[in-house]
Structures are given as C-alpha cells and as structure tokens.
Amino acid sequence: LKESVQTIIRSANNKVLEIEGRSSFTINIAIIGSLFLVLVILTVAFFFYKLQKRSEQLIAYREKLFDLLCTNIDDVFFIYHVQDRRIEYISENADRMLGLKGERDIAAFHALLSDENREILDRFVRRAPFHAPEGCDFSMNGGEDGEERFMHLQLYPVKEGGGITR
C-alpha cells in the first residue's frame, strides 16, 4: 500500500512538473508577445505623430504663403460664417486697403459705406443663399489714405452638410 501511494504521489508530482513546464513556456511566449505588441503600437503611434506634425507644418507653410500673397495684393479676403453670423478670417491687408484698423466685425465694414452703397450691398446680400459664385460692385471710403475705393465683391459659397455655411 505504501508503495502504491508513493507511485501515485510520484505520478502526480510528475504531472505537476509537466504542467508547470508547459505553463512556464506559455508565460514566456505571452511576455514576449506582449513586448512585441507594445513595440508595434509605439512604432505606429510614432509614425502617425510624425505624419500629423508634417501635415501641420505643410498647412502652416501654406497659410504663411497665402498671408504673404494677401499682404502684397490689393484684394481683401473675408471668410464669413453664415450660420454663426461672424467673420472667420480677414486677410492681413484689410487694414491697409479698407481702413478697418484691426476691427474684425462686419459692422466696422458697414460703417465705411455710404447709404447708397450700403443699400447696394444689402440688396445683394438679400438675394442669398447663393449656390454659385456671384458678385456686385460698390464703393466705400477707407484705406490708409481715406480715399473712396471702388470694390468688387465676389462671393464663393461653401456647402457643408447640404447647406451653405460660408
């Protein structure tokens, strides 16, 4: 009986050692796999980070070129958000050309118009929404010299989500 119990104990002990050996191998493979996965995730994250930085640099460079172009021509660019009723962007030469003196409110632009020209512009705006580029001509007092300037307003509607937003 004693020998039978020892045989059972040895057999059980061998099974435990065998299971322990297999689990040790599985744990080692899991650790190596986890480290490899972390390395792959970090590599992909770094790649996307560099790609995003490159895109941001290209956009900043293009904006700089656009601002340089706008500063050196006699055209003023407005981006007006129709739904929010606010100006999103005015090119840097607006102060020089229109005499807005840093104002970025549409009311400052209207203040430079005569009653006749304000009516021309209001009549044009009432025809909105535009589905294709349209323009109108008017004049205003402004610029650094305060002279009357003849203007051609050209609207290019931007459609988003089925409606015109800018």
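The structure reproduced in this document is the subject of the present report. Everything quoted here is computed from the prediction, not taken from an experiment.

## Considering the overall build of the protein
Right, so step 1: Secondary structure summary: the protein contains four helices and six strands in total.
Right, so step 2: What you see in the protein, going N to C, is helices and strands ordered as α-β-β-α-α-α-β-β-β-β.
Right, so step 3: Each of the 166 residues in the protein was classed as buried or not, and the buried ones make up 16%.
Right, so step 4: Taking as baseline every contact in the protein between residues at least 6 positions apart, the subset at least 24 positions apart corresponds to 29%.
Right, so step 5: A total accessible area of about 12,900 Å² is found for the protein, and carbon and sulfur atoms account for 60% of it.

## Concerning the pattern of salt bridges
Right, so step 1: Applying the stated criterion to the full structure yields three salt bridges.
Right, so step 2: Put simply, R118 and D115 hold a salt bridge, and the shortest N to O gap is 3.1 Å. With a gap of three residues between them, R118 and D115 both fall in helix α4 (residues 115-126), about one helical turn apart.
Right, so step 3: In this structure R118 comes out as partly exposed when scored by relative accessible area, which is 26%.

## Considering the side chain of S139
Right, so step 1: Within the fold, S139 resides in strand β3 (residues 134-141).
Right, so step 2: If near-sequence neighbours (up to four positions away) are discounted, S139 is found in contact with L113, N117, E148, R149, F150 and M151.

Definitions and limits used
Residues numbered from 1 in each chain as written. Predicted model: local features only at pLDDT ≥ 70, side-chain atom pairs only at ≥ 80, totals over all residues. Heavy atoms only, no water. Helix = DSSP H or I, 4+ residues; strand = E, 2+ residues; numbered from the N terminus. Buried < 20%, exposed > 50% of the residue type's maximum accessible area, 1.4 Å probe, protein only. Contact = heavy atoms within 4.5 Å. Areas by Shrake-Rupley, 256 points an atom, 1.4 Å probe, with all protein chains shown as cover. Salt bridge = Lys/Arg side-chain N within 4 Å of Asp/Glu carboxyl O.

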